[in-house]
Amino acid sequence: MPLSDILSRIRDTALDCDRSAADVTLIAVSKVQPNDRVAAVLDAGQRVFGENRVQEAMGKWPDFRATYGDVDLHLIGPLQSNKARQAMELFNAIHTLDRLRLAETFARLAQELGKCPDLFVQVNTGAEPQKAGCLPEEVDSLVAAARAMDLPVKGLMCIPPADQGPAPHFAMLAEMAARNGLTGLSMGMSGDFDVAIRHGATHVRVGSAIFGDRTAAH
Ligand SMILES: *Cc1c(COP(=O)(O)O)cnc(C)c1O
């Protein structure tokens, strides 16, 4: 689907629930996509992108930034502590803070680097064993701990279970954000970003609807 169609669907949905389109950021998820498809979306004016692997992002975004100027990059995949420094240098936002140890690593590196990306705490709303994210009952303490380290926690992120309707998960995430005084909600993908916007999403992560199917398995 052309980028302009996605943007108008986001705008129409936002207006339909009395929100402003400006309150919803489209993150174009470019993982695994060939460079010519990514360049086409950059040519169309998109400047916010999401990647789920640090190594892959390091391989393509410095060049794209040199050509296209400022691009906002968001890390949406799990992060190992040993890649935290590279991630903090490359990304403007990291959506996958899910454990205390990673928060401690960010805090130490933020001192060293003199900067820290915007952070979202990932919540495993479905408590799925194989999935990343802290458990719902751990959110409040992880947010409090990260704030006590002066980390810039902006919101929460979730990926609902594939076999369930996403709405209850989006509602749960919104409730957890509100009770923690957080305004950012990173939720909604190609199949459900409109539902997410109706539940208050501030960041929707849309890949295949913009770029087409991913060929490699990710
Ligand atoms: C790949 C991915 C997306 C985009 O998924 P689509 O269904 O292609 O829109 C969104 N969020 C995360 C965390 C992802 O890994």
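The structure we're discussing is the one just above.
In this text, all values refer to a predicted model and were calculated from it rather than measured experimentally.

Student: Can you break down the packing of aromatic side chains residue by residue, with the values?
Tutor: The tally for this structure, following the rule as stated, stands at 3 aromatic pairs. Pairing phenylalanine 49 with tryptophan 61 gives two aromatic rings, centres 4.8 Å apart and planes at 40°, and the pair type is tilted. In this pair, phenylalanine 49 sits in strand β2 (residues 48-51) while tryptophan 61 sits in helix α3 (residues 54-68), placing the two residues 12 residues apart along the sequence. For the pair phenylalanine 49 and tryptophan 61, one class covers both residues: buried. Aromatic rings pair up to connect Phe49, Trp61, Phe64 and Tyr68 into one cluster.

Student: Outline the pattern of salt bridges, listing residues and values.
Tutor: Per the counting criterion, the structure on display carries 10 salt bridges. Glutamate 51 serves as the salt-bridge partner of lysine 60, at 3.0 Å between the closest nitrogen and oxygen. Residue lysine 60 shares its accessibility class with glutamate 51, and that shared class is buried. A salt bridge links aspartate 98 to arginine 99; the shortest N-O distance between them is 2.9 Å. With relative accessibility at 15%, the residue aspartate 98 sits in the buried group. In the salt-bridge network here, residues are joined through shared partners; they are Glu51, Glu56 and Lys60.

Student: So what's going on with the site of the ligand? Which residues, and what values?
Tutor: Every residue near the ligand is listed here: Val29, Lys31, Ile76, Met157, Ile159, Met189, Ser190, Arg205, Val206, Gly207, Ser208 and Arg214. A distance of 2.5 Å is found between an oxygen atom of the ligand and a side-chain nitrogen or oxygen belonging to serine 190. Backbone polar atom of glycine 207 to an oxygen atom of the ligand: 2.8 Å apart, as the coordinates give it. Calculation on the ligand without its partners gives an accessible area of 390 Å², and the protein chains cover 88% of this total. Here the shell around the ligand is composed, by residue class, of 6 nonpolar, 3 polar and 3 charged.

Rules and cut-offs
Residues numbered from 1 in each chain as written. Predicted model: local features only at pLDDT ≥ 70, side-chain atom pairs only at ≥ 80, totals over all residues. Heavy atoms only, no water. Phe/Tyr/Trp six-rings, centres within 6.5 Å; stacked < 30°, edge-to-face > 60°. Helix = DSSP H or I, 4+ residues; strand = E, 2+ residues; numbered from the N terminus. Buried < 20%, exposed > 50% of the residue type's maximum accessible area, 1.4 Å probe, protein only. Salt bridge = Lys/Arg side-chain N within 4 Å of Asp/Glu carboxyl O. Near = heavy atom within 4 Å. Polar contact = N/O pair within 3.5 Å; in protein donor to acceptor, adjacent residues only side chain to side chain. Areas by Shrake-Rupley, 256 points an atom, 1.4 Å probe, with all protein chains shown as cover. Nonpolar A, V, L, I, M, F, W, Y, C, P; charged D, E, K, R; others polar.

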